[in-house]
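Each chain, written out:
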Amino acid sequence: MEAVQGAGVVVTGAGGGIGAALARRFAAEGARVVVNDLDADKAKAVAEEIGGIAVPGDASAIVPEARDALGGTVDVYCANAGVGSGGSEAAGESVWALAWDVNVMAHVRAAEALVPEWLERGSGRFVSTVSAAGLLTMIGAAPYSVTKHGAYAFAEWLSLTYRHRGIKVHAICPQGVRTDMLDSTGSAGDLVLKPTAIEPQDVAEALFQGIEEDRFLILPHPEVAGFYQARAGDPDRWLTHMNHLQQKWEAAQ
Ligand SMILES: NC(=O)c1ccc[n+]([C@@H]2O[C@H](COP(=O)([O-])OP(=O)(O)OC[C@H]3O[C@@H](n4cnc5c(N)ncnc54)[C@H](O)[C@@H]3O)[C@@H](O)[C@H]2O)c1
């Protein structure tokens, strides 16, 4: 694809799952790809496979090193690393703090590091792997649902603030995707996500279609558009429906 041919691309959390699929697809489309992951061995393995560059570490702090690795310029940044963080209001301070840090603040910190140079150049692309939980809500996972709403809100804010200045933003909001994270969602994931789960490469395909069509909202599961409308159109009806799902989940445990 012309828009990414030769581009310098960073994908966080790309040692496996959706991030690895994004890294593979960007490389296949002719981009130069930095593969980040907290797990250095996984980052190196994917980088080796696709002819990319591994920059392991916490996604919150990798922009300077990634920029150097790409010869001084990051054209596309995929804020993909995330933590699944299930639990309720009582999940605990450390669970909530980690979810905020990885699912939201890592995006904010990356944008802080990248936006000035993108505004100067008049171009840049920020891809946020959010989740359908950022548009809807995942039963049994308060920290995840809340922080994914935050990630979506931040992507929206970036887009509406800078779209006339050359910065493009995409928010990817899938339901279940067959990765390690899906396996860790337990019985709630089994009930809600697994029946319609897709492959990580389907998410990459949806992103590339969205880039081609210059769309902000990327829905690898198209039915999410209807659920999102239903929530906005009649919140109480939607909450009653979701509560039925909650009760079904409780009964199955
Ligand atoms: N799998 C799903 O069903 C699903 C659905 C919607 C959205 N998502 C989102 O997709 C993204 C990728 O998840 P996945 O399903 O591929 O999960 P995954 O567990 O397969 O991959 C996540 C990767 O991120 C890495 N990581 C975690 N914290 C990190 C950090 N601070 N810095 C760098 N790397 C870090 C992990 O080591 C792991 O390799 C996440 O943001 C997730 O919330 C997943």
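See the structure shown above.
Presented here is an overview of the structure given in this document. (Residues numbered from 1 in each chain as written. Predicted model: local features only at pLDDT ≥ 70, side-chain atom pairs only at ≥ 80, totals over all residues. Heavy atoms only, no water.)

### A word on the sheet that holds strand β2 (residues 32–35)
Part 1 of the reasoning: Taken together, seven strands build an open sheet; the order of strands is β3-β2-β1-β4-β5-β6-β7 and the sheet is parallel. Strands with a single pairing partner mark the edges of an open sheet, and in this sheet they are β3 (53–54) and β7 (217–218).
Part 2 of the reasoning: Its contacts with the sheet put helix α2 (residues 40–50) on β2 and β3, and the angle it makes with β2 is roughly 165°.
Part 3 of the reasoning: Together, β4 (76–79), β5 (124–129) and β6 (167–172) form the strand contacts of helix α4 (residues 93–121), whose direction differs from that of β5 by roughly 165°. (Pairing = 2+ DSSP bridges. Helix = DSSP H or I, 4+ residues; strand = E, 2+ residues; numbered from the N terminus. Contact = heavy atoms within 4.5 Å. Axes fitted to C-alpha atoms, helices over the stretch in contact; angles between N-to-C directions.)

### A closer look at α2
Part 1 of the reasoning: Of all the positions in α2, only Ala43, Val46, Ala47 and Ile50 are classed as buried. Taken down its axis, α2 places every buried residue within 100° of arc, on the same side. Structural note: α2 exposes Asp41 and Glu48 on the side pointing more than 90 degrees away from its buried face.
Part 2 of the reasoning: Looking at the packing, one finds that the buried side of α2 touches α1 (17–28), β2 and β3.
Part 3 of the reasoning: For α2, the capping residue at the N-terminal end is Asp39, with a side-chain oxygen 3.2 Å from the backbone nitrogen of Asp41. (Buried < 20%, exposed > 50% of the residue type's maximum accessible area, 1.4 Å probe, protein only. Arc of directions from axis to C-beta. Polar contact = N/O pair within 3.5 Å; in protein donor to acceptor, adjacent residues only side chain to side chain.)

### Thoughts on the pairing of β5
Part 1 of the reasoning: Burial runs high along β5: six of the six residues are buried.
Part 2 of the reasoning: Of the two faces of β5, the one lined by Gly124, Phe126 and Ser128 and the one lined by Arg125, Val127 and Thr129 are each fully buried.
Part 3 of the reasoning: In terms of strand pairing, β4 meets β5 through four bridges, oriented parallel. Its bridge partner lying in β5, Cys78 is registered against Val127.
Part 4 of the reasoning: For the segment spanning β4, α4 and β5, crossover handedness is right-handed.
Part 5 of the reasoning: Taken together, the six bridges between β5 and β6 define a ladder with parallel strand orientation. In the sheet register, Gly124 faces β6, and the bridge partner there is Ile167.
Part 6 of the reasoning: Running through helix α5 (residues 142–162), the crossover from β5 to the neighbouring parallel element β6 is right-handed. (Right-handed = clockwise from strand over helix to strand, strands pointing away.)

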